[in-house]
Amino acid sequence: MLSTRHLVEEAISFIHQRKWLVETIPMVETRGVGCTDWLMPFMQDCAQFPDKMVVVFSSQNAVKWVKRAMDSMNLTFPPAIKIACVGIQTKAVAVEWLNASVFLVERDSLSLLKQLTALLPKYAMPVYLCGNRRLDTIPCGLRAEGFSVKEHMVYQTILLPAKTEKEYDAVLFFSPSAVQSFFSVNVWKESMVAVAIGQTTADAIRFFGACNILLAPEPNFLSMLHSLETHFVIAT
């Protein structure tokens, strides 16, 4: 199989236990942006509106680049600020890296949007800390409901297209950006199975013409691998 990003340790252990062969070819990388444009205004808003602000993270990358930016300025994430996340892995990273409390987590952006619009008072100030390739779902959806949303781009996603002629049993995709990067230089082979970490990633795979797609029940590595294992069992 092919993984389009580096594997975490628990995924490596899972794969080794089953004696699967895996090749890793990252199709994207992330880079932090200069924190001078966003970090101090963000911290000022945190100090001025601690009871109104709600920080929204839709990716682990955003959390990690926020942490790195704050470390570079000897700052810490304000403990009074509420956080909402897409995905349990993003929540786990926010708790570990920012030592923060996450009050709301949903499996995808649309589900989080629905919960935010239902739970937040209209005076709330959602702040979306995101990358340059973020989807419109959360910020545009909140604005449509009358919220004043601030966005700070804290990292950039860079495509790393890499051509491969191999015919894999499965390809693991972790973002629509990785899908775009892969399909920009590779031709999909009908025998292969695409494994998507979430619905937007699955939609991107389908857009490029692949049909045999597994959608992980939960947006994390192990859920993807369990889905693939079930598929292999059924196929044999």
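Residues numbered from 1 in each chain as written. Predicted model: local features only at pLDDT ≥ 70, side-chain atom pairs only at ≥ 80, totals over all residues. Heavy atoms only, no water.

J.: So what about the pairing of strand β9 (residues 170–173)? Which residues, and what values?
T.: Of the two faces of β9, both are covered, the one formed by A170 and L172 as well as the one formed by V171 and F173. Strand direction decides the pairing type here: strand β1 (residues 2–3) and β9, joined by two bridges, are parallel. Counted as the bridge partner of S3 is L172 from β9. One ladder, built from four bridges, connects β9 with strand β10 (residues 193–196); its direction is parallel. Pairing of F173 across the sheet is with A196, part of β10. With helix α7 (residues 176–183) bridging β9 and the parallel β10, this β-α-β connection has right-handed handedness. (Buried < 20%, exposed > 50% of the residue type's maximum accessible area, 1.4 Å probe, protein only. Helix = DSSP H or I, 4+ residues; strand = E, 2+ residues; numbered from the N terminus. Pairing = 2+ DSSP bridges. Right-handed = clockwise from strand over helix to strand, strands pointing away.)

J.: Report on the side chain of N220, specifying residues and quantitative values.
T.: Checked against the element boundaries, N220 lands in the loop between β11 (213–215) and α9 (221–235). Here the side chain of N220 touches L222 through a polar contact of 3.3 Å, landing on its backbone nitrogen. Setting aside chain neighbours within four positions, we find N220 in contact with I88, Q89 and I197. (Polar contact = N/O pair within 3.5 Å; in protein donor to acceptor, adjacent residues only side chain to side chain. Contact = heavy atoms within 4.5 Å.)

J.: Pulling in residues and values, what's your account of the packing of aromatic side chains?
T.: For the structure shown, the criterion picks out 13 aromatic pairs. Their ring planes at 70° and their centres at 5.8 Å tell us that F14 and W20 sit as a pair that is edge-to-face. Each of the two residues, F14 as well as W20, counts as buried. With a centroid separation of 6.2 Å and 40° between ring planes, the pair formed by F42 and F77 is classed as tilted. Placement of F42 in helix α2 (residues 39–48) and of F77 in the loop between α3 (60–72) and β5 (82–86) is noted, with a sequence separation of 35 residues between them. Across this residue pair, the class does not change: F42 and F77 are buried. (Phe/Tyr/Trp six-rings, centres within 6.5 Å; stacked < 30°, edge-to-face > 60°.)

J.: Give me the pattern of salt bridges: which residues, what numbers.
T.: The final tally for this structure, using the stated rule, is 11 salt bridges. A salt bridge links E229 to R18; the shortest N-O distance between them is 2.6 Å. Of this pair, E229 sits in helix α9 while R18 sits in the loop between α1 (9–17) and β2 (23–24), placing them 211 residues apart in sequence. Judged by relative accessible area, which is 24%, E229 ranks as partly exposed. R18 sits in the partly exposed class, given a relative accessible area of 27%. (Salt bridge = Lys/Arg side-chain N within 4 Å of Asp/Glu carboxyl O.)

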